[in-house]
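Now for the letters of each chain:
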Amino acid sequence: MQRAQADGAYEMWKEVLRRADVQWIHDEVKASGLRGRGGANFPTAIKWESLPDNGLPRHLVINGDEGEPSTFKDRVLLEGDPHALVEGVCIEAYRIGSHRAFIYLRGEFALGADRVQQAINEARAAGFVGTNILGSGFDLEIVVHRGAGAYICGEESALIESLEGKRGMPRIKPPLPIHVGLYSQPTVVNNVETVCTITHILKMGGAEYAKLGVNRSTGTRLAAISGHVKQPGVYELEFGMTLRDIIFGIAGGIRDDKQLKFFLPGGASFQWLINSDEHLDQVYDIDDISAKLGTTLGSGAIMVYDQDTDPLLVAWRLAKFYAHESCGKCTPCREGSGWIEKVLYRMSHGLGRPNDMDALLDISAGISPDVMKAPFTQTTICPLGPSPVSAVASLQKWFRAEVEAACGTEAQA
Amino acid sequence: MFTDANKKRATEIVALYPKAHSAILPLAHLAQDQDGWLSPEAMDEIADYCDTTAADVQGVCSFYTMYKRRPCGNLVVSVCTNVTCLVVGGPEVLERLEHKYASDHDVFVEEVECLAACGNAPSMQVNYEYHEHLTPESAEQIVEDYKAGRLVARGVSGGLA
Amino acid sequence: MINVTIDGKTVEANPGDLLIKVAQENGVYIPRFCWHDRMKPVGMCRMCLVEVEGIRGLPPACTMPVAEGMVCHTETPAVKQAQDDVLEFLLVNHPLDCPVCDRGGECPLQDTTLAFGPGESRFVEEKRHFEKPIPISDVVLLDRERCIQCARCTRFADEIAGDPLISFVDRGGHTQVLNHPDHPFASYFSGNVVQICPVGALTAKPYRFRARPWDLATVETSCGQCAVQCRGALQSSSNRLVRLLGVDSDAVNHGWLCDKGRYGFEYVHSDARVREPQLDGKTVSWPQALDAAADALRSARDLHGAESIAFLGGARGTNEDAYAIARLAKGVIGTDNVDSQLGDGLPAELILGVNRAAIADLDTAAAIVLLAPDLKEALPVLHLRLRRAALECNVPIIDFSSVPHGLTREVTHALAPLPGEQGKRAEQLVGALNGNAADAIVAAAAATIAGRSGNIVVVLGRSNLAERSDATVQAAAALAGLANVKFLSALRRGNVHGALEAGLAPGILPGRVTIEHRDAVQQVWRTAPEVPGLDAEGILRGAIDGTIKTLVLVGADPIADFPDRALAIEALNAVGTIIALDGFGNASNQRAKVMLPVTMFGEKSGTTTNLEGRMQRVNQKVSPEGIAMDDWRIASEIALRLGDDFDLELVDEITAEMIKVSPALAGATPALLASSHDGVRIPVREHATEIKVRKNNAGLLDGEGAVSWEPIKADVEAVDVELATHESADESADESAGEAGAAVIDSGETPSADKATITAPTAEASATVAPTAASVLLTWNRIAPSVSLPGRDAYAVRLVSGPALYDHGNAVNASASIVGLRGPSKLLVSAADLQRLGVTNGTEVHVASAKGAFNIAVHAARGITQGVAQLAMGGERGANALIDVGSSATDVRVETIQ
Ligand SMILES: Cc1cc2nc3c(=O)[nH]c(=O)nc-3n(C[C@H](O)[C@H](O)[C@H](O)COP(=O)(O)O)c2cc1C
Ligand code: SF4
Ligand code: FES
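Residues numbered from 1 in each chain as written. Chains lettered and ligands numbered in written order. Predicted model: local features only at pLDDT ≥ 70, side-chain atom pairs only at ≥ 80, totals over all residues. Heavy atoms only, no water.

K.L.:
What is the right way to look at the sheet that holds strand β1 (residues 59-64) of chain A in this model?
P.N.:
Strand pairing in a sheet relies on backbone hydrogen bonds. The paired strands run either parallel or antiparallel. All names here are of chain A. Taking strand neighbours across the sheet as the criterion, the four strands line up as β3-β2-β1-β4 in an open arrangement whose pairing is parallel. Looking at the sheet topology across the chains shown, the edges are occupied by β3 (141-146) and β4 (187-191). Looking at each pair of strands side by side, their axes are set apart by 20° on average, direction ignored. Sheet topology note: the strand β2 (residues 100-105)/β3 ladder contains six bridges and is parallel. In the sheet register, F102 faces β3, and the bridge partner there is V143. (Pairing = 2+ DSSP bridges. Helix = DSSP H or I, 4+ residues; strand = E, 2+ residues; numbered from the N terminus. Axes fitted to C-alpha atoms, helices over the stretch in contact; angles between N-to-C directions.)

K.L.:
Help me out: how do you make sense of the sheet that holds strand β12 (residues 240-246) of chain C in this one?
P.N.:
Residue and element names in this part refer to chain C. Reading across the sheet, the three strands line up as β10-β11-β12 and stay open at both edges, with antiparallel pairing between neighbours. Looking at the sheet topology across the chains shown, the edges are occupied by β10 (217-222) and β12. Strand after strand, the sheet turns through a mean of 30° between neighbouring axes, direction not considered.

K.L.:
It is not clear to me how the nonpolar core should be interpreted in this structure. Could you clarify?
P.N.:
Proteins that are soluble and globular tend to have nonpolar side chains buried together. Within the largest apolar cluster, 145 residues are counted, with the highest numbers of intra-cluster contacts made by A:W272, A:L344 and B:Y64. For A:W272, the residues in contact, after removing those within four places along its chain, are A:F262, A:F263, A:L264, A:P311, A:V314, A:A315, A:L318, A:A391, A:S394, A:L395, A:W398 and A:F399. Within the second largest apolar cluster, 106 residues are counted, among which are C:A315, C:L328, C:I515 and C:V684. (Core = buried A, V, L, I, M, F, W, Y, C linked by side-chain atoms within 4.5 Å. Buried < 20%, exposed > 50% of the residue type's maximum accessible area, 1.4 Å probe, protein only. Contact = heavy atoms within 4.5 Å.)

K.L.:
Looking at this structure, I do not really get the domain arrangement of chain A. What am I missing?
P.N.:
One frequent convention defines the size of an interface as the accessible area lost when the parts assemble. Residues and elements named next belong to chain A. The assigned domain composition of chain A is domain 1 (2-210), domain 2 (213-306) and domain 3 (311-412). Computed from C-alpha atoms alone, the centre-to-centre distance between domain 1 and domain 3 is 35 Å. Taken residue by residue, the interface counts twelve residues in domain 1 and ten residues in domain 3. At the surface where domain 1 touches domain 3, the tally comes to zero salt bridges. The interface formed by domain 1 and domain 3 includes two residue pairs in polar contact (both at pLDDT 80 or more). (Domains from an automatic or database assignment. Salt bridge = Lys/Arg side-chain N within 4 Å of Asp/Glu carboxyl O. Polar contact = N/O pair within 3.5 Å; in protein donor to acceptor, adjacent residues only side chain to side chain.)

K.L.:
Hey, could you run me through the site of ligand 1 in this one?
P.N.:
Residues and elements named next belong to chain A. Near ligand 1 you find 18 residues, and of these G38, N63, N190, N191 and T194 are the closest. Note that an oxygen atom of ligand 1 is positioned 2.7 Å from one of the side-chain N or O atoms of N190. Here an oxygen atom of ligand 1 sits 2.7 Å away from a polar atom, N or O, in the side chain of T194. Taken by itself ligand 1 offers 610 Å² of open surface, and the protein chains cover 89% of this. The dominant element in the shell around ligand 1, judged by the number of residues it contributes, is β4, at three residues. The residue makeup of the shell around ligand 1, split by class, is four nonpolar, eight polar and six charged. (Near = heavy atom within 4 Å. Areas by Shrake-Rupley, 256 points an atom, 1.4 Å probe, with all protein chains shown as cover. Nonpolar A, V, L, I, M, F, W, Y, C, P; charged D, E, K, R; others polar.)

K.L.:
Explain the interface of chain B and chain C here, please?
P.N.:
Counting residues at the interface gives 17 residues for chain B, matched by 16 residues for chain C. If you sort the residues of chain B by the area they bury against chain C, B:A55, B:Q58 and B:F63 come out on top, with a joint share of 35%. In this structure, the connection of chain B to chain C is made through two salt bridges. Close ionic contact of C:D170 with B:R69 constitutes a salt bridge, the shortest N to O distance being 2.4 Å. Run the count over chain B and chain C and you get nine residue pairs in polar contact (both at pLDDT 80 or more). At the level of secondary structure, the elements contributing two or more residues to the side of chain B that touches chain C comprise α3 (40-49) and α4 (54-62) of chain B. If you tally residues by element for the side of chain B that touches chain C, the top one is α4(B), at six residues. Across the side of chain B that touches chain C, the residue classes break down as six nonpolar, five polar and six charged. (Buried area = accessible area lost by both parts, 1.4 Å probe.)

K.L.:
Would you take a moment to explain the site of ligand 2 for this structure?
P.N.:
Close to ligand 2 lie 13 residues; A:C327, A:K329, A:C330, A:C333 and A:C382 are nearest. Among the residues forming the shell around ligand 2, the class breakdown is eight nonpolar, four polar and one charged.

K.L.:
Help me understand the interface of chain A and chain B, please; the structure alone is not making it clear to me.
P.N.:
Taken residue by residue, the interface counts 56 residues in chain A and 43 residues in chain B. Counting each side, the surface lost to burial between chain A and chain B is near 3,800 Å², with a carbon and sulfur contribution of 56%. A salt bridge links B:E111 to A:R317, with the nearest nitrogen and oxygen atoms 3.8 Å apart. At the surface where chain A touches chain B, the tally comes to 28 residue pairs in polar contact (both at pLDDT 80 or more). Mapped onto the side of chain A that touches chain B, the elements with two or more residues apiece are α5 (73-80), β2, α7 (110-125), β3, α8 (156-163), β7 (220-227), β11 (301-306) and α14 (311-325) of chain A. Sort the elements by how many residues they give to the side of chain A that touches chain B and α14(A) lands first, with eight residues. Here the side of chain A that touches chain B is composed, by residue class, of 24 nonpolar, 16 polar and 16 charged.

K.L.:
Honestly, the domain arrangement of chain C in this entry has me stumped. Any pointers?
P.N.:
Examined at the domain level, chain C breaks down into domain 1 (2-75), domain 2 (278-345 + 497-775), domain 3 (348-490) and domain 4 (796-896). Centre-to-centre, using C-alpha coordinates, domain 1 of chain C lies 52 Å away from domain 4 of chain C.

K.L.:
In this structure, what is going on with the side chain of C:H497? I would like to understand it.
P.N.:
All names here are of chain C. By secondary structure assignment, the location of H497 is in helix α15 (residues 496-501). A polar side-chain atom of H497 sits 2.6 Å from a polar atom in the side chain of S489. When near neighbours in sequence (up to four residues on either side) are disregarded, H497 contacts A227, I351, R356, S489, L491, T609, N610 and L611.

K.L.:
Before we go on, may I ask you to explain helix α17 (residues 387-407) of chain A in this structure?
P.N.:
Structural remark: α-helix, 3.6 residues per turn; residues separated by three or four positions point the same way. Residue and element names in this part refer to chain A. Over its 21 residues, α17 extends only 23 Å from the first C-alpha to the last, a length that falls short of the 30 Å expected when each residue adds 1.5 Å. Along its length, α17 shows its largest kink, about 95°, at F399. Of all the positions in α17, only S387, P388, V389, S390, A391, V392, A393, S394, L395, F399, V403 and C407 are classed as buried. In this structure, the buried side of α17 is in contact with β9 (260-264), β10 (273-274), α14, α15 (331-348) and α16 (356-367). The positive-phi residue at the C-terminal boundary of α17 is G408, with phi of around 80°. (Expected span 1.5 Å × (residues − 1). Bend = angle between axes of the 7 residues up to and from the residue.)

K.L.:
Can you walk me through the packing of aromatic side chains in this structure?
P.N.:
How two aromatic rings sit relative to each other is set out by the distance from centre to centre and by the angle between their planes. Enumeration over the complete set of coordinates arrives at 23 aromatic pairs over all chains. Summarising the aromatic geometry, the rings of A:W339 and C:F89 are spaced 6.1 Å apart at their centres and angled 85° between planes, so their arrangement reads as edge-to-face. A residue pair is termed interchain when its members come from two chains, as with A:W339 in helix α15 and C:F89 in helix α2 (residues 77-92). Of the residues examined, A:W339 reaches a relative accessible area of 3% and is grouped as buried. With a centroid separation of 5.9 Å and an interplanar angle of 75°, the aromatic rings of B:F2 and B:Y49 are classed as edge-to-face. Placement of the pair is B:F2 in the segment before α1 (4-15) and B:Y49 in helix α3, with a sequence separation of 47 residues. Note that A:R19 overlies the ring of A:W24, its terminal NZ or CZ placed 3.9 Å from the centroid. Sitting over the face of the ring of B:F63, C:R171 holds its NZ or CZ atom 5.6 Å from the ring centroid. (Phe/Tyr/Trp six-rings, centres within 6.5 Å; stacked < 30°, edge-to-face > 60°. Lys NZ or Arg CZ within 6 Å of the ring centre and 35° of its normal.)

See below:
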């Protein structure tokens, strides 16, 4: 705590309480153009504006479920700088007028949970959390809640269900959590990184923050780079760099000086890119990459694979993940992801059949009718359903020939 | 049955939430840390604390992979084989540990999804404590260290040791 | 109302209604599995995907509220493709074993696949496997391989029944439904999940493999197990009843049944049935038995006067049975010592004479005042309706129970009177509503009521059979003084309300009139009593003191059912002659001189009347066991032998005569009763606007095996019903009276004809002035008896007792599927009292009252006040062995056994 405070922790929280100006927080964050870092990129200030004024208590829920394959940026914040999170929670809770905030951490983050809980205890001892904080009249309790192993609980409505002590199955929307959330009361759900960023924005000034980045992708974000790169890890990236800069500059290029084969620029759920100038020269910009290449920056994970990687194996492992993590609510996701996994298992383990790839496309169409289209359409409640379809679509788009070679072609059959 | 200390803890946990039902997950962690698994009796007891039925607690807890509905020894070894670990040796670590501890009732080796430790893949957790940059050999050594008490394990649900 | 366009057709709808329902009501069937009209949508099966203009992708119709101008398409190629895909996905893990599946032939998955599905599956991988059917309770089996994860069963158990004893377990493709290993799915409502399961995953032991749907013949009827009288579809195969399915009646049961109703009909075919008449214990022919009964009654009347004869019972048959018995007793023999209640009810004047509520009034009430036994035990589906009112409609419940019960969790204000003090507490509540609150609890309850508009609905029954009814009557008298109050009766026995309406109570004549108003009845009856007779307690005491010499038991077993068993035994031993009309032998009728076997559920047709005064058709499905006869026919045969020819040959003729003499039924006709969807509520004229006439029911219950997973609902068109006068009602009845059982089924073809007969009172007919209903219908005088409670014995506990669902009656004893569900009797006390006794939970103790004593296991229960003990009625160790009806409370001593 002493070290954190020496680094300026809780200075901003004190400032907020001193100013006692909710609108100021709002205006700065709005000016910053901050978009949520949980994967959906929704502008944080706009979310706040949707809060209904219906007299019901409001809740702040911090999403630290971080379960998307190869995403590990929030863990760094939780374990490395828990006071920054607590301070961010205080400020955001103050903004929305919530007196009870929940930090939902995936169950495996035992260490992170300990650290955050300790930070809360220290903050309480120092009077930053609790009742009548620093004499301001503002009360705030923060509860750390550990999940127990379920990726879907990262989806905000499933997370709320889980926090209510239920099976983490996404809710039908509308209503959105902001209107009817935890305990059927208005609830703001924000990612760990998003909350931490709010403090920075207030320090820097929203307009100043917005000068970083490009277009509507303002500021910086944490990216978790992994796979066959020389220097995997979490980096703070400014929007606007090219993917080439990121993979070959920041992450040091491909290990053992092999060739890049393909990479996933935004986590496991979206379409893949390959070793082409078009793809590597793409700018790290949320909207631009989606408009030009039909994929998104998602959770900030970048997975990089070298020339020797079998794309079928990666696709199968992703499908296995989604089949394992499907909550089971929607028929297409529950049955379709398992079916896709079974077919991909055969294909990636030398048991492929000639028409397997077409079968995969057909099955995928039952989950995501326009298989190749991005952003995807879906027959399911939440986007987990169509996530494995991104892998199928990527195989079809970039590796059809390789797949056919592995499984035999129609003609050979 | 919760010990007296854990009964007290359970009551405190329930009080953290506006609705007792929210305490199902933390109480299940507590029970599992205490007993090494989540027994039917524990679910029954949790149901009482959370104002619901045992069937509901069972339904909720079985949704989450961390809860073990069978005794699984003192060490839960979770090896990631997801897409980053997959390509840098995760499956080999898993295979080695599964083989080595196949008949060791004290060590439960499981394959898990991404543990958010891909920067230093391959990775695993032992009772939810991270171990990264593994080789099959180093992984085995770590488990042995826990078994010998050279490393102190958390509870099997990740609670403090 | 807003406009919505579905497949090019613009229709009107209420804003917020779900698209799937709006479409269905307008003739567009959108396939579905998870959606059920009576439960909240979950949108999980994804079978109902449609296109809605302006919305990206394919939203599910079951979660989509309609909005003004919405344009929706249900048959585009994209929708068809999605339907194909979802079905293919569902069949990925669903076994293709239709020929051996219990649901084969009536399986929505099978049907939907044929109608909407792909040709064949391309799935070549291994299917998911589970251990074959596992029992999840004593009556329900679960085949998890067949489950398609629609969550209908789990949602029903949680949302509707409030028994979340099954839930989804595991996740994703491994999701299965399961109970906790130590807690079976022992819900009183478990059969409903079998009915609403869209595949053969859940099956009921009693029905499993008993029949194939195409072998079944079906009629619509009402269940007779309790006074809710849920609508059901009764099915038989080879002249045996095999299944009862819930039919969705908006007014009554919303499609649900309790398990006692669903499986309890097994008693009909039980070996224990009395199948032939008996005289002095020997089998005789009908003429011999009827002659003997008539002789006994004639000589008793001639020797000792009509008042020496008494009738007990009549609440278990049809209205027609009850009416004929009433006419025999009061109109032929001339005795008014007639009671269809057995000391376990409330005064007839109260039940018939207060402002009556309908079940549906619960949903819109300002508040519900609960002055009743545990409804989960006594009137299970009424319990569901109260749960719904509380949870879905947010109606506050103000509870007068002194012990915990099935709705305790839903109670808003618990006034918690001690046994015998309900009246005092009710007076306090009324006081609080007038500004003088006795304490904070009544003040809060009064504030809740005052803050809401609508009627106060008092659910009124006997919350405690171990005390006299006086305190309840006192409470009712206080509450009846409120301006906007209505009463919903919570009397339990099957057709007790029909029996009361037919005049089976002292001082009462058919049609909600007292004996002072004999005019209507005397147009038809030879005589009618002039002085009020005795009630059940009076009759039993009369038997003991010798004034009652002949007792006719009409399906009544006072030894089992009268709250004071010792008194009943003494009376039945003392009485001179017993004549019994019954389907079973029992302790009370074992001494009967003449035993007359009667038809039972499913063997007879007619009408019954439920607790809200709703009169509905019941229909025959199988021919009677042995040579059993309808009660009404027995009554008219005996009357004939006593010199009074009823001249009634058909059920509908009785119905018509009953209507003719009953002011409360003015305007009804047998045809109207047969064709009105939810029956008619009594007094008919008062509720005429509620009557909806069936437009077409043929498609549903035509004997081809009803579709059982959806709420079976008649297709109803509201027809304005102008009620005929008495006379015209009579005429039209003659025209349309047909074979009773056929009436409902045929009604599909006759709506216009019916309408004509209903709405065309002829000029002459309306000129003949009938007694105007309003002028004579009974209103309760609100005179409350004074209640004086005995002083408390410091070592005793005061007893509270009510019925248990699985009681000791014939329906349970003689129904193999449910008799095993009845648990052992136990005495429940507060933890403090258990501690005072110094025994551990579950230990046997000795209980003793002035009337009896036995050993019984004692358990601590949450929510019981110190000094109060709870024990159910019935059986060897039932409260009725302890109760003294002479005392206004029953105190029992509880002692440890050395
Ligand atoms: C399947 C799925 C998993 C998700 N997992 C996470 C997660 O682990 N962490 C997270 O912050 N958001 C996750 N999200 C996004 C959340 O639903 C939500 O958009 C986010 O928490 C909002 O916070 P933000 O506005 O700060 O980004 C997930 C969404 C889906 C559909
Ligand atoms: S898409 Fe999959 S994970 Fe998402 S709600 Fe549906 S079944 Fe659950
Ligand atoms: S009926 Fe709409 S999703 Fe199941």
